[in-house]
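Topology and contacts: notes
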Amino acid sequence: MKNAAELSGHLPATAPVAGAAASDLSTRDRVTQLLLERGATTAAQLGSALGLSPAAIRRHLDAMLADGDVIAREQTVRGSRGRGRPAKVFLLTDAARVRCGTHHYDNIATAALRWIAGNGGPEAVDAFAADQVAALEDRCRAAMEDAGDDPLARAEALAEALTAEGYAANASTIASGGQLCQHHCPVAHVAAEFPQLCEAETAVISRLVGTHVQRLATIAHGDGVCTTHIPTQPRAQSGNTVTTVRTDK
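Here goes a summary of the coordinates provided. (Residues numbered from 1 in each chain as written. Predicted model: local features only at pLDDT ≥ 70, side-chain atom pairs only at ≥ 80, totals over all residues. Heavy atoms only, no water.)

1. Examining unusual backbone geometry
With the exception of glycine, most residues fall at negative phi, and the peptide bonds are largely trans. As a reminder, the rule being used: A run of H or I in DSSP becomes a helix once it reaches four residues, and a run of E becomes a strand once it reaches two; helices and strands are each numbered from the N terminus.
A positive phi angle is found at A168, which is not glycine, with a value near 50 degrees. Summarising the element assignment, A168 is placed in the loop between α7 (151-164) and β4 (169-174).

Below is the structure:
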């Protein structure tokens, strides 16, 4: 198991860097807003609208491409086309649009679970939560097939699998065993009202590492990180694992 890296040190004395970074962020926000309003737009059109040189707008677009906020494709030209390749147009990715608040998936998901709870009761919500994590469990189990039986080694393999799924996870060794941390939760807002989602995910972690686990913190509960304690004990037999989820609010 690898310990989580800790970074420390002093900020550089050159304060203008922070100002430049803030300015870059502000410009990127303006680029994002324009793409949101206009859809597919060329770099020249963006630069003209924002009063930026071609080199400056290209720098921002390159950074947004690298971060997965925009995609580029050839501009569609109707009718006859002149010489040379068509200009590239830039569009926001789905992930960037979600961050802009143009979709309300959390509200829809919460409303759906309220309907399930109202019409099917708590058992229906439990069944829905278990079904939602079943595919994730299968994918992670396949990714962990060479991890062996040691729970801590399996926790590290699980962290890598969860990171590939977008959970930004890491595993570390602590005095009482191991610790699995997830720095992103795709259902945090929904799970704040329906902790069954957290409980189902905790049960998956327990089955995959092969031992009792205890959730110490969750993003849905208001903590900064989802933290799961993994004690050092033998791999459970016959899949009979026990999970504990913090539910106090």
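2. Observations regarding the packing of helix α6 (residues 122-143) against α7
We apply this condition: Note on geometry: axes are lines fitted to C-alpha atoms, helical ones only across the stretch in contact, with angles between N-to-C directions running from 0 to 180 degrees. If an angle is under 35 degrees, it is roughly parallel; if it is over 145, roughly antiparallel; if it lies from 65 to 115, roughly perpendicular; otherwise it is oblique. Two helices cross in a left-handed way if the nearer one is turned anticlockwise from the farther one by less than a right angle. They cross in a right-handed way if the turn is clockwise. Throughout, a residue-residue contact means that at least one pair of heavy atoms, one from each residue, lies within 4.5 Å. Residues are grouped as follows: Ala, Val, Leu, Ile, Met, Phe, Trp, Tyr, Cys and Pro are nonpolar; Asp, Glu, Lys and Arg are charged; every other residue, Gly included, is polar.
Here α6 crosses α7 at 125 degrees, and the two axes come no closer than 9 Å. Between α6 and α7, the crossing angle belongs to the class labelled oblique. Where α6 crosses over α7, the handedness of that crossing is right-handed. Taking contact as the criterion, the partners of L136, C140 and A143 in α6 are, on α7, L158, A161 and L162. Across the contact of α6 with α7, the residue classes break down as 6 nonpolar, no polar and no charged.

3. Looking at the pattern of salt bridges
When the charged atoms of two side chains lie near each other, side chains of opposite charge can form a pair. To keep things clear, this is the line we draw: The working definition used for a salt bridge is a side-chain nitrogen of Lys or Arg within 4 Å of a carboxyl oxygen of Asp or Glu. Relative accessibility thresholds used throughout: buried, under 20% of the residue-type maximum; exposed, over 50%; partly exposed, between the two (1.4 Å probe, protein chains only).
Scanning all chains against the criterion turns up 8 salt bridges. The residue R28 makes a salt bridge to D69 at a minimum N-O spacing of 2.9 Å. Remark: D69 occurs in the loop between α3 (54-66) and β2 (70-74) and R28 occurs in helix α1 (residues 16-38); sequence separation between them is 41 residues. Take R28 and D69: they sit in the same class, and that class is buried. E137 is paired through a salt bridge with R207; the nearest N and O atoms lie 2.8 Å apart. Linking E137 in helix α6 with R207 in helix α9 (residues 196-209), this pair joins segments that are 70 residues apart in sequence. Under the relative-accessibility criterion, E137 is labelled buried at 10%.

4. Focus on the sheet that holds strand β3 (residues 88-92)
Applicable threshold: Here, a strand pair is defined by DSSP locating no fewer than two bridges between the strands.
Judged by pairing direction, the sheet is antiparallel, and its 3 strands sit side by side in the order β1-β3-β2 without closing on themselves. One side of each edge strand has no neighbouring strand; the edge strands of this open sheet are β1 (41-42) and β2. In terms of strand pairing, β2 meets β3 through 5 bridges, oriented antiparallel. When the bridges of β3 are listed, I71 appears paired with L91. Packed onto the sheet, α3 meets β2 and β3 and runs at close to 110 degrees relative to β2.

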